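# Fold and contact review
Next come the chains, spelled out residue by residue.
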Amino acid sequence: MSTHEAGISGELRRFLRGGVSLEEHKEATAQTPITTFIPAEVTIPLAQHLGPPAQAIVKRKQVVQRGELIATAEPNGAPVHASVTGTVARVALSPHPTLTEAPAIVITVDPNAAAPQCTDDPAWATLPRDVMLARIEAAGIVGLGGAAFPTYRKLRLPDGVRVDTVVLNGAECEPYLTSDHRLMLESPKDVLRGAWLLAQIIGAQRVVIGVEDNKSDAAVVLQAAVEQLSLSPAPDVLLCRTRYPQGAERQLVEALTGRRIPARGLPLQVGVLVQNVATAIACYQAVRYQQPLLDRVLTVTGPGIGHPMNLRVPIGTLVQDIVAHCGGLDARTAMVIAGGPMMGRALGRLDVPVIKGTGGLLFLRVDDVQREPYGPCISCAACLDACPLGLEPNQISIYTEAGRALETESFGTRECFECGCCAYVCPAERPLVQFIQIAKAAFQTGSAIGLGVRPGVVHG
Amino acid sequence: MAETPGLRLAPGPHVHAGQTTRAIMWWVTLSLLPAYLWATYLFGVRVLGLTASGVVGAYLGEWLVNRLRQQRQTLRDGSAVLTGVLLVGTLSPGLPLWMPAIGGFMGIVFAKMLFGGLGYNIFNPALVARAFLMACFPLAMTTTWLAPRPGVWWAADAVTTASPLTVLKLEGVARAAELLGLGPAYYGQLLLGFRAGSIGEVSVVLVALGAAVLLRRRILSVYIPLSVLVGTGLVALASDVPLFHLLTGGLWFGAFYMATDYVTAPLLPRAQIIFGLGIGALTGIIRIWGGYPEGICYAILLWNAVTPALNQWFRPKRVAPEAIGV
Ligand code: SF4
Ligand code: SF4
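From a predicted model like this one, the values you see are computed outputs, not experimental measurements. (Residues numbered from 1 in each chain as written. Chains lettered and ligands numbered in written order. Predicted model: local features only at pLDDT ≥ 70, side-chain atom pairs only at ≥ 80, totals over all residues. Heavy atoms only, no water.)

### A short note on the overall build of chain A
Looking only at helices and strands, chain A features 14 helices and 17 strands. Taking 2.2 N^0.38 as the reference for a compact globule, 460 residues should give roughly 23 Å; the C-alpha atoms of chain A span a radius of gyration of 22 Å, in line with that estimate. Dimensions of chain A, computed from the C-alpha atoms along their principal axes, are close to 65 × 50 × 45 Å. The 460 residues of chain A split such that 58% are buried. Of all intrachain contacts in chain A linking residues separated by at least 6 positions in sequence, the fraction that spans at least 24 positions is 72%. When the accessible surface of chain A is totalled, it reaches about 17,500 Å², and 51% of it is carbon and sulfur. On chain A, the mean spot of the 40 positive side-chain charges and the mean spot of the 43 negative ones are 4 Å from each other. (Helix = DSSP H or I, 4+ residues; strand = E, 2+ residues; numbered from the N terminus. Rg over C-alpha atoms; globule rule 2.2 N^0.38 Å. Buried < 20%, exposed > 50% of the residue type's maximum accessible area, 1.4 Å probe, protein only. Contact = heavy atoms within 4.5 Å. Areas by Shrake-Rupley, 256 points an atom, 1.4 Å probe, with all protein chains shown as cover. Lys, Arg positive; Asp, Glu negative; His and termini not counted. Charge placed at Lys NZ, Arg CZ, Asp CG, Glu CD.)

Here's what the structure looks like:
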């Protein structure tokens, strides 16, 4: 069935400026249903989100059930739950995907444990808003699209702010990644109920779901589910042009609602709340089943891994266990990236756990990442065409290179959200994002570091 | 397993579009092949000798400055070779073989390397090289046009002639029309390239073909070259032979290959259109009212000097509105 027959109306939504068209590389896993993998041991860090780390409340040798609270949240933080049933092996400093090392609770999995009971609250859809919100807070849900900001904080609107539209992000514009695509295909109703629920909580009258047109099958499935569920308000499923960074908040909001978020501002300022599809499902499960955020669905992919797949793993599963489960590494693997190839973060080691915010694992070989040393800017203007914000990364890089990072404000240093479009197209292969990061750091410290700081590749 | 040795920690993006500086330089160089082979067919293998000479001079200049400054050699980026090749495109085919080498060397050393190398120069090095040769060897530069002798690869007795624009300048419109036989047949020959002229410019069709390849690969955009042609065309309306002006001289070569040099041209389309119109108009003005038969070289160099100002005036427009309160 075509999207047109499915009743998905209107033209392709698009953001107006810049962006790049990327090789998608999604074919390896787009048709692969999500499967579950449970390792022998999980390492659950206490810090998995923006905000203060949680406090451990379990001890060594203690038996814990899947779903049990094992670390309580500090104010503005998020609690942490046991993602598996088993025995606490230790609470200790462990390797961390973003913080190098951080305290974590290590649990040995009991392979014979029965699946824990789950409570279904039949009245979930009519609960008062603050009960819904409390359940989302207690579930430890953070934004699963990347930023990992505690979701209940995003839903607790500041006084006087009115939000009329929930935008659900099903764009998944990073190449290689397909986990959101699979979630939309496999659990369309949960996605929709989650989005509807978010709208209830913040009092929004409209729900729109943006799906890139390379995943039109997901849009068709969602549209069919909209008709079956008859939610009110009924979510609108809208197709977006496949173009990076369609899934960035600013570009998605512009494409779907025509509203422009102010510089360095938030969607709230134009009456919009943006959530990712995986977060919506988690919120639905938290409100209806009071189930905490325990698993992460992620795409394990790239030319460096034996068997690419979409996996559901308990939070705390080590990357090395996933590698073993997925057929091992190609000998030429040179980079392991948590997330996608544009904005993902390189991992220096494989003994780090998957955390709530891990969007995917991408394994690239030497030939995929081979780079020449970067050269001088040749003023080709490719970066200016590509920047979706109309910034001047060329100038920021030139000034920063010359030790004049503090003079780059007018080129948009602070506005840059580091999407990487500019560096992707730069023929001189200048590490433009890194120059911008150096300039931002210079603003923070007020000193023109950057003089003598040469961006480049580090070997872990 | 502890640290996994050899895993790279470069920051994102971890993928690249693949179009590199070096690839761009080589594509531009290669796209000139049809035009230069055509010139070889018309004027003999000395065209290839001149090209080699220009490249060697440019290459040596860059190598020497890097060497003296004890910095990393930059020859791999291909830009020196391109400068040498482009310079020869602006020269008459009858020049002594050693002359492009001098030009290439001086252009690279003074217009590029002393400014800090690729990306830092203000003036197009190939055109500075040409201007330098013009100043040093004015006679050779203006009297060594060869009459086309298709298929004569090796001629000891090359026949010099005047370029069409020189005829126009020296003899005036009426006499030039008589001498050259201005008419559809002649314009057809100009288009295809059976005529005297500089090496890169003789065939408008082949210059356009090379440019089309670059347009397709998105190395070139049309704003500058089209506005150069429009600018010259508009001014040429003031002469009696606008079509003649559009099809002769280095106009097409200059519009597509010289004015478009990234480093010395403005960044944004609006600025590029002004830049192109300015070059085109100035070219026409020099040709019609100035002292030289051809003006594109100086027109481009002059507008190169305006580029930094144009880049200041025309900046990208921010997408996000300025924050108000909240
Ligand atoms: S990384 Fe920043 S400067 Fe570069 S394209 Fe993205 S927003 Fe623009
Ligand atoms: S893309 Fe790179 S070379 Fe081109 S203008 Fe931007 S920084 Fe300079």
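### A word on empty space enclosed by the protein
Residues and elements named next belong to chain B. Inspection of every chain in the model, using the stated rule, returns 7 cavities of 30 Å³ or more. Computed from the structure, the largest cavity encloses a volume of approximately 320 Å³. Taken together, 23 residues line the largest cavity, and the ones lying closest to its centre are Met 25, Leu 82, Leu 86, Asp 261 and Tyr 262. Taken together, the residues of the lining of the largest cavity break down into 16 nonpolar, 5 polar and 2 charged. In this model, the second largest cavity occupies a volume close to 110 Å³. (1 Å grid on protein atoms, 1.4 Å probe; cavity = no way out; pocket = protein on both sides within 12 Å on 5 of 7 lines; lining within 4 Å. Points joined across faces, edges and corners; volume = space filled by probe spheres on them. Nonpolar A, V, L, I, M, F, W, Y, C, P; charged D, E, K, R; others polar.)

### Some points on the packing of aromatic side chains
Pairs of aromatic rings are described using the distance from one ring centre to the other and the angle between the two planes. All names here are of chain A. Here the structure, examined in full by the defined rule, presents 14 aromatic pairs over all chains. Arranged with centres 6.2 Å apart and planes meeting at 80°, the rings of Trp 124 and Trp 196 form a pair that is edge-to-face. Note that Trp 124 is positioned in the loop between strand E8 (100–109) and helix H2 (129–138) and Trp 196 in helix H5 (residues 188–202), a separation of 72 residues in sequence. Through a chain of ring-to-ring contacts, three or more aromatic side chains come together here, namely Trp 124, Trp 196, Tyr 284 and Tyr 289. Residue placement shows Arg 241 over the ring face of Phe 15; its charged tip is 5.3 Å from the ring centre. The ring of Phe 443 is capped by Arg 414, whose NZ or CZ atom sits 4.4 Å from the centre of that ring. (Phe/Tyr/Trp six-rings, centres within 6.5 Å; stacked < 30°, edge-to-face > 60°. Lys NZ or Arg CZ within 6 Å of the ring centre and 35° of its normal.)

### Some thoughts on the sheet that holds strand E11 (residues 236–240) of chain A
Residues and elements named next belong to chain A. With parallel pairing, 4 strands are arranged side by side in an open sheet as E11-E10-E9-E12. Because the sheet does not close on itself, it has two edges, and the strands there are E11 and strand E12 (272–276). Neighbouring strand axes in the sheet, compared pairwise and without regard to direction, differ in orientation by 25° on average. Alignment of strand E9 (residues 165–170) against strand E10 (residues 206–212), held across 6 bridges, turns out to be parallel. In the strand pairing of E10, Val 167 is matched with Val 208. Across the sheet, helix H7 (residues 249–257) lies against E9, E10, E11 and E12, angled at about 115° from E9, the strand it touches most. Where helix H8 (residues 277–289) meets the sheet, it contacts E9 and E12, and its direction lies at approximately 90° from that of E12. (Pairing = 2+ DSSP bridges. Axes fitted to C-alpha atoms, helices over the stretch in contact; angles between N-to-C directions.)

### Focus: the site of ligand 1
Residue and element names in this part refer to chain A. Around ligand 1 sit Cys 387, Pro 388, Pro 393, Cys 416, Phe 417, Glu 418, Cys 419, Gly 420, Cys 421, Cys 422, Val 433 and Ile 436, and those are all the residues in its vicinity. Listed by contribution, the elements that provide at least two residues to the shell around ligand 1 are helix H13 (421–425) and helix H14 (432–445). Looking at the shell around ligand 1, its residues break down into 10 nonpolar, 1 polar and 1 charged. (Near = heavy atom within 4 Å.)

### Considerations on the site of ligand 2
Residue and element names in this part refer to chain A. Taken together, the residues surrounding ligand 2 are Cys 377, Ile 378, Ser 379, Cys 380, Ala 381, Ala 382, Cys 383, Asn 394, Cys 426, Pro 427, Arg 430 and Leu 432. Judged by the fraction of its atoms near the pocket grid, ligand 2 is located in the second largest cavity. For the shell around ligand 2, the class distribution of residues is 9 nonpolar, 2 polar and 1 charged. (Sits in = over half its atoms within 2 Å of the grid points.)

### Re the environment of Leu91(B)
Residue and element names in this part refer to chain B. Relative to the elements of secondary structure, Leu 91 occurs in the loop between helix H4 (79–89) and helix H5 (99–112). Residue classification places Leu 91 among the buried residues on the basis of a relative accessible area of 1%. Sequence spacing of Leu 91 and Trp 154 is 63 residues, and the spatial spacing of their C-alpha atoms is 19 Å. Excluding anything up to four places from it in sequence, Leu 91 contacts Pro 100, Arg 130, Leu 133, Met 141, Ser 198 and Ile 199.

### Points about the pattern of salt bridges
Residue and element names in this part refer to chain A. Evaluated as defined, the whole model comprises 26 salt bridges over all chains. The closest approach of N and O atoms between Asp 236 and Arg 206, which form a salt bridge, is 3.1 Å. In this pair, Asp 236 sits in strand E11 while Arg 206 sits in strand E10, placing the two residues 30 residues apart along the sequence. Three or more residues joined by partner-sharing salt bridges are found here, namely Asp 330, Arg 332 and Asp 367. (Salt bridge = Lys/Arg side-chain N within 4 Å of Asp/Glu carboxyl O.)

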